[in-house]
Amino acid sequence: MDRLFAFYFFLLLSGFIFADAGSIGVNYGRIANNLPSASKVVQLLKSQGIERVKVFDTDAAVLKALSGSGIKVTVDLPNELLFSAAKRPSFAFSWVQKNVAAYHPHTQIEAIGVGNEVFVDPHNTTKFLLPAMKNVHEALVKYNLHSSIKVSSPIALSALQNSYPSSAGSFRPELIEPVFKPMLSFLRQTGSFLMVNAYPFFAYESNTDVISLDYALFRENPGVVDAGNGLRYFSLFDAQIDAVFAALSALKYDDIRMVVTETGWPSKGDENENGASVENAAAYNGNLVRRILTGGGTPLRPKADLIVYLFALFNEDEKPGPTSERNYGLFYPTEEKVYNIPFTVEGLKNYHDHRSPVNRSQTVRAPVNGGGGVSKSTSGNTWCVANAEVGKEKLQRGLDYACGEGGADCRPIQPDATCYNPNTLEAHASFAFNSYYQKQSRAGGSCYFGGAAYVVTQPPRYGVCEFPTGY
């Protein structure tokens, strides 16, 4: 297994438009009252070999400090300015003039994030997103900066309707026509890329009963096979990213590149925030750096070397919310490392993932519903049932496979047997799918059948039939 796992990380070497292999950057948030000066932060970034930084505004002191540093910068037009940027091209022009053109090229601004996770913004700013992006781009054109500075907008994974298995990834239907299709067309026309914020921590901490910690932390594990395309995944991160790639492909935008604008793992959390610890944060971020810098894309896009921005540079003591929100930092405000991980290929030579000597499960399962999570079962059991919405033809194909080469025990659904009634395709398919799922030890991807099945956490009810939980 060691050789297979190492082979997976080092085999897939290819080129990305920004670099020969993947690239690591950091998010520089400043919701704190105790951070070092911007000039000291720039020196810290340079001392660590960090060549990319993303900021959440266009603070003058920060952009001036980055001037001449050689560090590539992504800036943000905040959500609260979307309305003005959308409604008034003159506002977008002035904003670009004051916050971008005034600093570039000495400050190497390479991208502008217009808004951040706009679809979950409680102020309902989605309708302003695309007009704002277009106006900002037009302002860049007027300054002849549109070739060197790209416009995009970071989306959260909650923009997906389905994320498991990765091959079934799709965007939320209500966003496709009004937002995604025109936005992706804009990205294509301008040579830009899709910005995505991905946090495996959120999926893991809500579903520790079905997601292996090793799978979430890029550690050695048996992997999860995507039943839709046969690809094997060794990390939840790759599975999440490929769900977005699949969603792009479903809309015929296979050519759109992706940059992961946020990902990270907290070093501390509240009692109910499972997995938040220094050890796990070090493992996730350290192994992610190794995963990205050794080259190669994802199982679905092996040639798409990724640019990934770690969240975040510092622990930010004034962020609201649970304890984890204030503990994503790679560094304390004193500039001391929260844990020791490298950020460069050279630093990787002496890097080792230090783990506590604890017992660990070898079963790897993954989220099964569109939101990237699984409802917890009070008993710990799960069942596989038919999805009647896919239609009779797909259900019948799945039933035939399960009872045939799949090896499910379909004797109870034969005429006069205990589970023959109710005599419906949905009921029979549910029994067969569940039998197959249980015989596969409920492994990730074994309850799919081309989208004709899904996992439930309460015992299915079809007449008097009892669905088994094991064989």
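Keep in mind the model is a prediction, meaning the values are calculated, not measured. (Residues numbered from 1 in each chain as written. Predicted model: local features only at pLDDT ≥ 70, side-chain atom pairs only at ≥ 80, totals over all residues. Heavy atoms only, no water.)

*Asks:* Any chance you could explain the overall build of the protein chain here in plain terms?
*Replies:* Counting its secondary structure elements, the protein chain contains 14 helices and 15 strands. Out of the 471 residues in the protein chain, the part that is buried amounts to 56%. Taking the intrachain contacts of the protein chain between residues at least 6 apart in sequence as the baseline, contacts between residues at least 24 apart amount to 74%. Of the roughly 20,100 Å² of accessible surface on the protein chain, a fraction of 50% belongs to carbon and sulfur atoms. (Helix = DSSP H or I, 4+ residues; strand = E, 2+ residues; numbered from the N terminus. Buried < 20%, exposed > 50% of the residue type's maximum accessible area, 1.4 Å probe, protein only. Contact = heavy atoms within 4.5 Å. Areas by Shrake-Rupley, 256 points an atom, 1.4 Å probe, with all protein chains shown as cover.)

*Asks:* Just checking my understanding: could you explain the side chain of S23 for this structure?
*Replies:* Mapped onto the elements of the fold, S23 is located in strand β1 (residues 23-28). Beyond its immediate stretch of four places on either side in the chain, S23 contacts R52, I292, L293, L306, I307 and V308.

*Asks:* What am I meant to see in helix α10 (residues 236-250) here?
*Replies:* Because an α-helix packs 3.6 residues into every turn, residues spaced three or four apart end up facing the same way. If you check α10, its first and last C-alpha atoms are 21 Å apart, about what 15 residues at 1.5 Å a residue would give, namely 21 Å. Along α10, 13 of the 15 residues are buried, which leaves the element largely enclosed by surrounding structure. Just downstream of α10, K252 is the residue with a positive phi angle, here 70°. (Expected span 1.5 Å × (residues − 1).)

*Asks:* How should the sheet that holds strand β5 (residues 150-152) be read in this particular structure?
*Replies:* Sheets are built from strands paired through backbone hydrogen bonds, the pairs being either parallel or antiparallel. Strand order in the open sheet formed by nine strands is β5-β4-β3-β2-β1-β13-β12-β9-β6, with parallel pairing between adjacent strands. Lying at the two open borders of the sheet, with one neighbouring strand each, are β5 and β6 (154-156). Mean inter-strand twist for the sheet, computed between neighbouring axes without regard to direction, equals 25°. With three bridges connecting them, β1 and strand β2 (residues 52-55) associate as parallel partners. (Pairing = 2+ DSSP bridges. Axes fitted to C-alpha atoms, helices over the stretch in contact; angles between N-to-C directions.)

*Asks:* Teacher, can you tell me more about the pattern of salt bridges here?
*Replies:* If the charged atoms of two oppositely charged side chains come close together, the side chains can form a pair. Applying the stated criterion across every chain yields a total of 14 salt bridges. We note a salt bridge from D59 to R30, for which the minimum N-O separation is 3.6 Å. With D59 in the loop between β2 and α3 (60-65) and R30 in the loop between β1 and α2 (38-47), this residue pair connects regions lying 29 residues apart in the sequence. The exposure class assigned to D59 is partly exposed, which follows from its relative accessible area of 28%. (Salt bridge = Lys/Arg side-chain N within 4 Å of Asp/Glu carboxyl O.)

*Asks:* What am I meant to see in the nonpolar core here?
*Replies:* One recurring pattern in soluble globular proteins: nonpolar side chains tend to sit buried together. Membership of the largest hydrophobic core comes to 112 residues, with the highest contact counts inside it found for F171 and F237. By residue number, the principal contributor to this core is α10, which donates nine residues. With residues up to four places along the chain from it excluded, the contact list for F171 reads I155, A159, L160, Q161, I176, F180, L184, A247, L248 and L251. Core analysis: the second largest hydrophobic core is formed by 27 residues, V385, L395, A432 and F467 among them. (Core = buried A, V, L, I, M, F, W, Y, C linked by side-chain atoms within 4.5 Å.)

*Asks:* How should I be thinking about the state of the cysteines in this particular structure?
*Replies:* Here is the idea: a disulfide is a covalent bond, and it sits between the sulfur atoms of two cysteines. Applying the stated criterion across every chain yields a total of three disulfides. Disulfide pairing is shown between C403 and C410; the S-S distance is 2.0 Å. Measuring handedness by torsion sign, the sulfur bridge of C403 and C410 sits at about -90° and is left-handed. Here C419 engages in a disulfide with C465; their sulfurs sit 1.9 Å apart. Given an S-S torsion of about 85°, the disulfide between C419 and C465 has right-handed geometry. Placement of the pair is C419 in the loop between α13 (392-403) and α14 (425-439) and C465 in the segment after β15 (453-456), with a sequence separation of 46 residues. As far as the burial class goes, C419 and C465 line up, both buried. (Disulfide = S-S within 2.5 Å.)

*Asks:* Whenever I open this one, the environment of P299 confuses me. Can you help?
*Replies:* Locating P299 in the fold gives a position in the loop between α11 (278-293) and β13 (307-310). Residues P299 and R232 lie 67 residues apart in sequence; the distance between their C-alpha atoms is 7.3 Å.

*Asks:* Explain the packing of helix α5 (residues 89-101) against helix α6 (residues 126-142) to me, please; I cannot follow it from the model alone.
*Replies:* The description of two packed helices rests on the angle between their axes and on the distance between the axes. In contact at an axis separation of 8 Å, α5 and α6 are set at 60° when each is read in the N-to-C sense. Classified by the interaxial angle, the pair formed by α5 and α6 is oblique. In this structure, α5 crosses over α6, and the sense of that crossing is right-handed. Residues P89, A92, F93, V96 and V100 of α5 lie in contact with α6, whose contacting residues are N135, V136, A139, L140 and K142. In terms of residue class, the contact of α5 with α6 is built from eight nonpolar, one polar and one charged. (Parallel < 35°, antiparallel > 145°, perpendicular 65-115°, else oblique. Left-handed = near helix turned anticlockwise from the far one by under 90°. Nonpolar A, V, L, I, M, F, W, Y, C, P; charged D, E, K, R; others polar.)

*Asks:* Just checking my understanding: could you explain the environment of L348 for this structure?
*Replies:* Mapped onto the elements of the fold, L348 is located in helix α12 (residues 345-348). For L348, a relative accessible area of 14% gives the class buried. The spacing of L348 and V289 is 59 residues in sequence and 8.4 Å in space, taken between C-alpha atoms. Not counting residues up to four positions away in its chain, the partners in contact with L348 are V289, R290, L293 and P342.

*Asks:* Explain the packing of aromatic side chains to me, please; I cannot follow it from the model alone.
*Replies:* To describe a pair of aromatic rings, one takes the distance between the centres and the angle between the planes. Tallied over the entire structure, the rule returns 20 aromatic pairs. Both rings, one in F56 and one in F311, keep their centres 6.3 Å apart while their planes meet at 85°; by these two values the pair is edge-to-face. In this pair, F56 sits in the loop between β2 and α3 while F311 sits in the loop between β13 and α12, placing the two residues 255 residues apart along the sequence. Using a relative accessible area of 24% as the deciding quantity, one classes F56 as partly exposed. Measuring from ring centre to ring centre gives 5.1 Å for F83 and F128, while their planes differ by 90°; the resulting arrangement is edge-to-face. With F83 in helix α4 (residues 82-87) and F128 in helix α6, this pair connects stretches of sequence that are 45 residues apart. (Phe/Tyr/Trp six-rings, centres within 6.5 Å; stacked < 30°, edge-to-face > 60°.)

*Asks:* What should I look at first to understand the confidence of the model for the protein chain in this one?
*Replies:* Looking at the protein chain as a whole, the pLDDT averages 88, with 90% of positions reaching at least 70. Under a pLDDT of 50 for its full length, residues 1-20 has, in the predicted model, 49 contacts with residues more than four places off or in other chains. Across residues 358-379, confidence stays below pLDDT 50; counting only partners more than four residues off in sequence or on other chains, it has 67 contacts. (pLDDT = per-residue confidence, 0-100.)

*Asks:* Sorry if this is basic, but what is going on with the pairing of β2 here?
*Replies:* In regular strands, side chains alternate between the two faces of the sheet. Alternating positions in β2 separate into two faces, R52 and K54 on one and V53 and V55 on the other, with burial throughout. Each parallel crossover has a hand, and the one from β1 via α2 to β2 is right-handed. Here β2 pairs with strand β3 (residues 72-77) via three bridges, running parallel. Each bridged residue has a counterpart across the sheet, and for K54 the counterpart in β3 is T74. Tracing the backbone out of β2, into α3 and back to the parallel element β3 gives a crossover that is right-handed. (Right-handed = clockwise from strand over helix to strand, strands pointing away.)

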